[in-house]
Structure formats: structure tokens, C-alpha cells
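Tertiary structure, described
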Amino acid sequence: MTDAVQERYARFAATEAPGRSALYAEWAAGVAADPEVRELLARIPATRRQPPLVFAVSRLLGAGHRPYREWRRFALAHADRLVQECTRRALQTNEPLRTAALLPVLSEIDGPIALLEIGAAAGLCLYPDRYSYRFTDADGRLRHALDPSVGPSTVVLESVVSGDLPPLRLPEVVWRAGIDLAPLDAAAADDRRWLRALVWPGEEGREQRITAALDIVAADPPLLVAGDAAAHLEDLAASAPADATLVITTPGVLVHIPRAERSELVARIAGLPAHWVTIDPPGLLDVWDPPVAAESWPGFVVAHDGRVRAAADPLGAWWEWRAEDRLPTT
């Protein structure tokens, strides 16, 4: 079992953390070379010992941003609590910047919109109409700016766009709801601390962006349902306003659902009178139209009812429009 821990943390140190967090790369490399710490982490269920989750929990418990030798000392001194907290928690990457990659697809859908997100966490991706957007080219030159009708938002989302720029507009969202195994309360201090702990050290501006988005959500909370999506999806969808277009989003969540349950959930979504908008790894699903060559596709796939619309960074930092057609707006 410790061999699996070693392989996972070595891979994270070599291929996932570089460019995002030098500290996490150092910690993961340290774990990979440390039999005693690997033995500790092997006590955590396999589905709860991912490096970003373990490191976030350790920071939540007070590990701080210290060199590996000090993080190691903290982890071993708080071993039981670290195992307990990792076992009960899950990664909840509630990144509002993802709405920058969703926006071109939402612009294809006529409103008013009833927005339902699966894996909503605190619901930060349910407010695409409350954020400001600044779309730039690779050199930082502004290509397009959007603000809510009341003026610039406290959350300004900057995203790099390459290729063609499709028509963009803010959606008219009249109803917001989400499903999550463990929903978070944007107004609760403990939940806010957890979301901030999930930000990787070195990700400039992300903690401030999430904090500002939490304030927006706390002032006008969405309807959040705790539980499995398959058990609640139909009932929650039926409670959406009848005079609004139902849009179901699954940004980045399907990869965390086992294959059989994932296929069933996608089928359930397809059976509803709704639009489905998602951001997923290219090899995750077999519904893409046209098919996607996973080995050559940059980033994740942004799709509308399975129709491929864009390639994007998983968290929305960049996107490239890949659709030559325009879908019907209703």
C-alpha cells in the first residue's frame, strides 16, 4: 500500500504541482521519499489520500506554509487527526473562474435560465451573472469585457482566449440550485476556511477571488441539497421555474464519480428537459460530438449536450473556441 502512496506522490511532485505550487511539489517529493510518512498516509482511504486533499487538510489543521521537514513534523505529531479529517472530507474545487469557460456556452442558451449544478460545494459557479469578465489574448491585451448590469463586480475573472471569440453575454439566471455530497455554507466561517485551504500555495489571486465570490453567494444563497445526484436530480429539476430554461452543469465533477455511476448520471441528465453544460477531461466520456482525440486535445472539453464547443483549462484560466457551428439558442 505504501508503494501506491509513493507512486501517487512522486507523480504529483513531477507532473502536477510544478508551475502551480512549488511548496506542494516540495511536500509531495518529500512524502515520496519518506517511508514513515507514507505509512501514515496509507492509513487514509485510497479515495481520500490525494496530495491536494491531504495537504489542504494539514493546512486547515495549522501546518502553515513551511518547508517539508517542518510539515513532516506537524503531520506526524497530528497523525490521528490528519487521518480522521482526510477520511471525512473530499476535494471541493469551487473555483468561480470556471464560469469564464462556461460563459460562451451559456451565451448560446436563451434565458431566463434556471441553473442547477451537480457537485456545487458552496455554489460559487452558480453565479455567472454576478461576476465581471475580462477576456484577453496571450499577451494580456483585452479582447472583451463584460460586467453585470449594476456595474463591475467585486469578482473580476480574467481568462485568456485564443482563436475566434464567439458572441458573449451574461446569462439571465432566475433560479440557482445545487447538489453535493457535503454542501458548504458560504456564510459559515469553518466552510470558508476549508475552501481557502483548498487553494494551492502559490496560486496568486485565487484565495481573494474565492473569498469575494463567497461574499456574493452568502448575500443571496442558492438552494443546496445534500446527497447523491442520482437520488435527487429529478426532484430538484422538477422544482425549477416552469417558465425558465433549465441548464444542468457538471464542471469538473464527473471525473470524481466511478464509471458506472457516471454513465448512469449522464443518462439521467439526457432524459431531462434541460441543457447540459460540462467541463471534463477529453478521455472521460464517450459522448463527445464530434469525437475528441484525447492524446492531442489541449486541456479539458467544454460541451453543450455532448456537442464539443471549446477546449479549456480545467479551472477556466484559458479557453479556445473549437466550434464552427452555432447551436440553436432554445
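Structure shown above.
Residues numbered from 1 in each chain as written. Predicted model: local features only at pLDDT ≥ 70, side-chain atom pairs only at ≥ 80, totals over all residues. Heavy atoms only, no water.

Remarks on the overall build of the chain
- Of regular secondary structure, the chain possesses 11 helices and 11 strands.
- Over its C-alpha trace the chain gives a radius of gyration of 20 Å, about what one expects of a compact globule, namely 20 Å for 330 residues.
- Dimensions of the chain, computed from the C-alpha atoms along their principal axes, are close to 60 × 45 × 40 Å.
- Among the 330 residues that make up the chain, the fraction classed as buried is 53%.
- For the chain, contacts bridging at least 24 residues in sequence account for 69% of all contacts bridging at least 6.
- Of the accessible surface of the chain, which amounts to about 14400 Å², a share of 51% is contributed by carbon and sulfur atoms.
- Side chains of the chain give 34 positive and 45 negative charges; the mean places of these two sets differ by 6 Å. (Helix = DSSP H or I, 4+ residues; strand = E, 2+ residues; numbered from the N terminus. Rg over C-alpha atoms; globule rule 2.2 N^0.38 Å. Buried < 20%, exposed > 50% of the residue type's maximum accessible area, 1.4 Å probe, protein only. Contact = heavy atoms within 4.5 Å. Areas by Shrake-Rupley, 256 points an atom, 1.4 Å probe, with all protein chains shown as cover. Lys, Arg positive; Asp, Glu negative; His and termini not counted. Charge placed at Lys NZ, Arg CZ, Asp CG, Glu CD.)

What about the packing of aromatic side chains?
- Per the counting criterion, the structure on display carries 12 aromatic pairs.
- Ring centres of Y24 and F55 lie 5.0 Å apart, and the angle between their planes is 50°; this geometry places the pair in the tilted category. Separated by 31 residues along the polypeptide, Y24 in helix α2 (residues 22-32) and F55 in helix α4 (residues 51-60) bring together distant segments of the chain.
- Between W27 and W71, the aromatic rings sit 5.4 Å apart at their centres with planes inclined by 25°, giving stacked as the arrangement. Taken together, the positions of W27 in helix α2 and W71 in helix α5 (residues 68-77) put the pair 44 residues apart, joining distant regions of the chain. Each member of the pair, W27 as well as W71, is classed as buried.
- The ring of W194 has R89 lying over it, and the distance from NZ or CZ to the ring centre is 4.5 Å.
- Sitting above the plane of the Y127 ring, R176 keeps its charged end 4.4 Å from the centroid. (Phe/Tyr/Trp six-rings, centres within 6.5 Å; stacked < 30°, edge-to-face > 60°. Lys NZ or Arg CZ within 6 Å of the ring centre and 35° of its normal.)

Things to note about unusual backbone geometry
- Following G111, the chain continues to P112 via a peptide bond in cis, the omega torsion being 0°.
- Inspection of the secondary structure assignment puts P112 in the loop between α7 (98-106) and β1 (113-118).
- Cis rather than trans, the peptide bond between D289 and P290 has omega equal to 0°.
- Tracing the backbone shows P290 in the loop between β8 (275-280) and β9 (300-304).
- Positioned with a positive phi, A121 is a non-glycine residue whose angle comes to about 55°.
- Tracing the backbone shows A121 in the loop between β1 and β2 (132-136).
- Judged by its relative accessible area of 3%, A121 falls in the buried class.
- For D305, which is not glycine, the phi torsion reads 55° and is therefore positive.
- Among the structural elements, D305 can be located in the loop between β9 and β10 (307-312).

Section: the packing of helix α10 (residues 229-238) against helix α11 (residues 259-270)
- Running from amino to carboxyl end, α10 crosses α11 at an angle of 5°, the nearest separation of the two axes being 10 Å. Taken together, the axes of α10 and α11 lie roughly parallel to each other. Contacts between α10 and α11 involve A229, A230, L233 and E234 from the first element and L265, R268 and I269 from the second.
- Counted by class, the contact of α10 with α11 contains 5 nonpolar, no polar and 2 charged residues. (Axes fitted to C-alpha atoms, helices over the stretch in contact; angles between N-to-C directions. Parallel < 35°, antiparallel > 145°, perpendicular 65-115°, else oblique. Nonpolar A, V, L, I, M, F, W, Y, C, P; charged D, E, K, R; others polar.)

As for helix α9 (residues 206-219)
- Taking 1.5 Å per residue, 14 residues should reach 20 Å; α9 reaches 20 Å between its end C-alpha atoms and fits that length.
- Looking at the packing, one finds that the buried side of α9 touches β4 (156-162) and α8 (189-197). (Expected span 1.5 Å × (residues − 1).)

Observations concerning the sheet that holds strand β7 (residues 245-251)
- What the 11 strands build is an open sheet, ordered β3-β2-β4-β11-β10-β9-β8-β7-β1-β5-β6; its pairing is mixed. Since the sheet does not close on itself, it has two edges, and those belong to β3 (142-146) and β6 (223-226), each with one partner. Along the sheet, successive strands turn relative to each other by an average axial angle of 25°, direction set aside.
- Sheet analysis places β2 next to β4, joined by 5 bridges and oriented parallel. Bridge assignment links R134 to a residue of β4, and that residue is E158. (Pairing = 2+ DSSP bridges.)

Topic: the pairing of β7
- Most of β7 is tucked away: 6 of the 7 residues are buried.
- Two elements, β7 and β8, share 5 bridges in a ladder whose sense is parallel. Bridging from a neighbouring strand, T249 pairs with V277 of β8.
- Regarding the hand of the β-α-β motif, the stretch spanning β7, α11 and β8 is right-handed. (Right-handed = clockwise from strand over helix to strand, strands pointing away.)

Remarks on the side chain of E203
- Secondary-structure assignment places E203 in the loop between α8 and α9.
- Residue classification places E203 among the buried residues on the basis of a relative accessible area of 16%.
- One polar contact links E203 to R20, side chain to side chain, over a distance of 2.4 Å. (Polar contact = N/O pair within 3.5 Å; in protein donor to acceptor, adjacent residues only side chain to side chain.)

What to know about the pattern of salt bridges
- Across all of its chains, the model carries 24 salt bridges by this definition.
- Of the charged contacts in the structure, one is a salt bridge between E264 and R268, with a shortest N-O distance of 3.2 Å. In this pair, E264 and R268 are both assigned in helix α11, 4 residues apart and thus about one turn of the helix distant.
- Residue classification places R268 among the partly exposed residues on the basis of a relative accessible area of 27%. (Salt bridge = Lys/Arg side-chain N within 4 Å of Asp/Glu carboxyl O.)

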